[in-house]
Structure formats: C-alpha cells, structure tokens
Amino acid sequence: MEAGHGSSQQSLDVTGQARPPGRQHRMRAFGLAGGDLDIRLDDADRPAVVTSVLAVCLDGIADREAAARAVWAWTLAERLQGLIAVVLAGGATNPPWQTRCAHCKVAIEIDVPLEAFAAPPRQHAITCRSLDGHLVTARLPRGDDARAWHANASDACAIATMLVEDVDGETPAPGWRLPPDWLGPLADALAEVDPLTVLQLQALCPGCGHANVIDFDLEGWLLGLCSVEQQHLIDDVHRLAGAYHWSEAAIAALPPWRRRAYLARIDRETVA
C-alpha cells in the first residue's frame, strides 16, 4: 500500500494515517514496519490477530502491550472500523472480491466500496423486547468478549448473558442466564446497530442471471488485504537483503520511501 489516500470519512492526514470514526487515535497502514512481520495473519485465533494488527498500527500509544489492552476494550464495531482505517491509510486500489454463483458456479467479481463502510460506530447500549415482553438492555460486544467467545463458542446463551446489563430496569441476579428464546431478539438488535458484522452482498450472476445473496466476511477480507501488504514487505526484504546483505530488522526499520528508493536503484542497475 502507498501512503496518502484521501477519504472525507476517514480524516486522513498527510502522513498516510487514518482515524477510525469514533476514536481519537490514528491508524497507519499495515505492512510498513518490522513489527508487522511478527503477526501471523492466518492464525485461527481471529480476535487475537485483529488485536495485533490494530495494536501495531495504532498511533499515540508507543507501548505495544498497552495498545493491545486498549484495542481489546474497543467494541467489535470500533475494531472493524479500525481495520477499515488501516486499509484506507495504505491508499491502494482494493481488488474486487471473488466468489461463485450459487446456481451455476460461474465466477463473480464484486467491487467492495470500502470508503462507504467507514462510519462512526454506535457507542451506547441497545434495548430489545424478548418474545414474552421483557425489556432487555445490553452493552455492545467488545474485543474481550470476542476472545471469550473464541474459547467457548458452543454456548450461545452464556455468551449473550455476558452482554445483558438489565432486564426490565433491574440488574439480573448472580447466576442468571439468558433464556434461549431471547437470543433471537437480542441478535437482531445487535445486527441492526452493527450491520457490517453480518454483512450480505447481492450480485446478479453474469452467466445465468441468478440473484445471489452472499454472506460477506468483511473482517476476514480486510485481514486478507493486510496479508497482501505483509507479503509485499517480505518481498522488499528479500530483494534488499540479496542486494545489500542487510538484516530483516534493518530493512524493515527503513522508512517506506527509502526502501522504494533503494528498490528503484536496483531496478535501474538490473535494466542497465
């Protein structure tokens, strides 16, 4: 990714950093520094991967562990907006998302308008009515909740119970558990205030005309774009190490413009 992408929704500055809506800190592009190479983006622990990416790209907190603690406390919507800011800060043209028609299996390419997804996330608690009429107030899920869910994904009621702040204006008693038939209304309320976590795309098949409704993992797609930039940095390290015999740490510590200058020089000498 190249720095300097402009977006009115992201408040990018001239250094190529972006501020996720609702947050005071700015995000730099991923794939520019040595710490970005330490993250295994295909790790099965998705919440930890997202936290690691946001922590290394978060401007304003020098200590990486402190940055990670801060990011774990962000809501899931804020974390997703942080990833959007990281990708937008890079300024690259994002490739279309590729899938296949559910009816005839013809390949479909979908342009993902990332700038359109950048928006201030909701900050306040939500309310919903259970099927039997109780008024439920719940906080928005945070990164810490995602970490707990990753470890205990099979118990949906236990997961949802963590979010409930009060029922009919009263704090639930210790040991109270969300009834299973309350899950649906609560999930619908969460999806309404945070639609990007359950995003669906619609696409007509160019082959058979079938109207496809496709579940789109925006977070996973953003991490995939970060993986592309990480590979670009690895490629730069490989070329510069071969030409100058510098260490990975020394090459990754170079500002991106200096790496590009050295790479351009190698290209000129190769042509000559």
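Residues numbered from 1 in each chain as written. Predicted model: local features only at pLDDT ≥ 70, side-chain atom pairs only at ≥ 80, totals over all residues. Heavy atoms only, no water.

Describing unusual backbone geometry
In this structure, K105 is a non-glycine residue whose phi angle is positive, near 70 degrees. In this structure, K105 sits in the loop between β3 (97-100) and β4 (107-110). Take K105: its relative accessible area is 52%, and that puts it in the exposed class. Phi at D168 takes a positive value of approximately 55 degrees, unusual for a residue other than glycine. Within the element layout of this structure, D168 appears in the loop between β7 (164-167) and α7 (183-193). (Helix = DSSP H or I, 4+ residues; strand = E, 2+ residues; numbered from the N terminus. Buried < 20%, exposed > 50% of the residue type's maximum accessible area, 1.4 Å probe, protein only.)

A look at the pattern of salt bridges
Summed over the entire model, instances satisfying the criterion amount to 9 salt bridges. Across the pair D217 and R46 runs a salt bridge, and its minimum N-O distance is 2.9 Å. Of this pair, D217 sits in the loop between β9 (211-215) and α8 (218-244) while R46 sits in helix α1 (residues 46-57), placing them 171 residues apart in sequence. The closest approach of N and O atoms between R239 and D267, which form a salt bridge, is 2.4 Å. Of this pair, R239 sits in helix α8 while D267 sits in helix α10 (residues 256-271), and the two are 28 residues apart along the sequence. With relative accessibility at 37%, the residue D267 sits in the partly exposed group. (Salt bridge = Lys/Arg side-chain N within 4 Å of Asp/Glu carboxyl O.)

Some points on the pairing of strand β8 (residues 200-204)
Across the two faces of β8 the burial differs, with L201 and A203 buried and Q200, Q202 and L204 not buried at all. Bridging between β8 and β9 involves 5 bridges; their strand directions are antiparallel. Bridging from a neighbouring strand, Q202 pairs with V213 of β9. (Pairing = 2+ DSSP bridges.)

Brief notes about the state of the cysteines
Each disulfide consists of one covalent bond between the sulfur atoms belonging to two cysteines. This structure, assessed with the given rule, holds 0 disulfides. C226 supplies the cysteine sulfur nearest to C57, a cysteine that is in no disulfide, at a spacing of 6.7 Å. (Disulfide = S-S within 2.5 Å.)

Remarks on helix α5 (residues 143-151)
Of all the positions in α5, only G143, D145, A146 and W149 are classed as buried. Buried residues in α5, looked at end-on, bunch into an arc of 150 degrees, giving them a common side. In this structure, the buried residues of α5 make contact with α1, α2 (64-72), α3 (76-90) and α6 (156-161). (Arc of directions from axis to C-beta. Contact = heavy atoms within 4.5 Å.)

A word on the nonpolar core
Ranked by internal contacts, the top residues of the largest apolar core, which has 44 residues, are F30, I84, L114, L218, W221 and L222. Looking at this core, the elements with two or more residues in it are α1, α2, α3, β4, α4 (114-117), β8 and α8. Formed by 18 residues, the second largest nonpolar core is a distinct cluster that contains C128, A146, W149 and W182. (Core = buried A, V, L, I, M, F, W, Y, C linked by side-chain atoms within 4.5 Å.)

Some words on the packing of α1 against α3
Each pair of packed helices can be summarised by the angle the axes make with each other and by the distance between the axes. Between α1 and α3, the least distance of the axes is 10 Å, while the angle of their chain directions is 55 degrees. When the axes of α1 and α3 are compared, the pair comes out oblique. At the point where α1 passes α3, the crossing takes the left-handed sense. Residue-level contacts link P47, V50, T51, V53, L54 and C57 of α1 to R79, G82, L83 and V86 of α3. Of the residues assigned to the contact of α1 with α3, the class counts are 7 nonpolar, 2 polar and 1 charged. (Axes fitted to C-alpha atoms, helices over the stretch in contact; angles between N-to-C directions. Parallel < 35°, antiparallel > 145°, perpendicular 65-115°, else oblique. Left-handed = near helix turned anticlockwise from the far one by under 90°. Nonpolar A, V, L, I, M, F, W, Y, C, P; charged D, E, K, R; others polar.)

Notes on α7
The set of residues buried in α7 consists of P185, L186, A189 and L190. Within α7, the buried residues cover an arc of 135 degrees as seen down the axis, which keeps them to one side. The outward face of α7, more than 90 degrees from its buried face, is lined by the exposed residues D188 and E192. Packed against the buried residues of α7 are β5 (126-129), β6 (135-138) and α6.

Remarks on the packing of aromatic side chains
Within the structure shown, the criterion is met by 6 aromatic pairs. The interplanar angle of 50 degrees and the centroid separation of 6.0 Å between the aromatic rings of W176 and W182 together place this pair among those described as tilted. Of the residues examined, W176 reaches a relative accessible area of 27% and is grouped as partly exposed. Here the aromatic rings of F216 and W221 are separated by 5.9 Å at their centres, their planes lie at 55 degrees, and the arrangement is tilted. You'll find F216 and W221 in the same group, each marked buried. Aromatic ring contacts, followed pair by pair, group W97, F216 and W221 into a single cluster. Cation over ring: R147 sits above W72, and NZ or CZ is 3.9 Å from the ring centre. (Phe/Tyr/Trp six-rings, centres within 6.5 Å; stacked < 30°, edge-to-face > 60°. Lys NZ or Arg CZ within 6 Å of the ring centre and 35° of its normal.)

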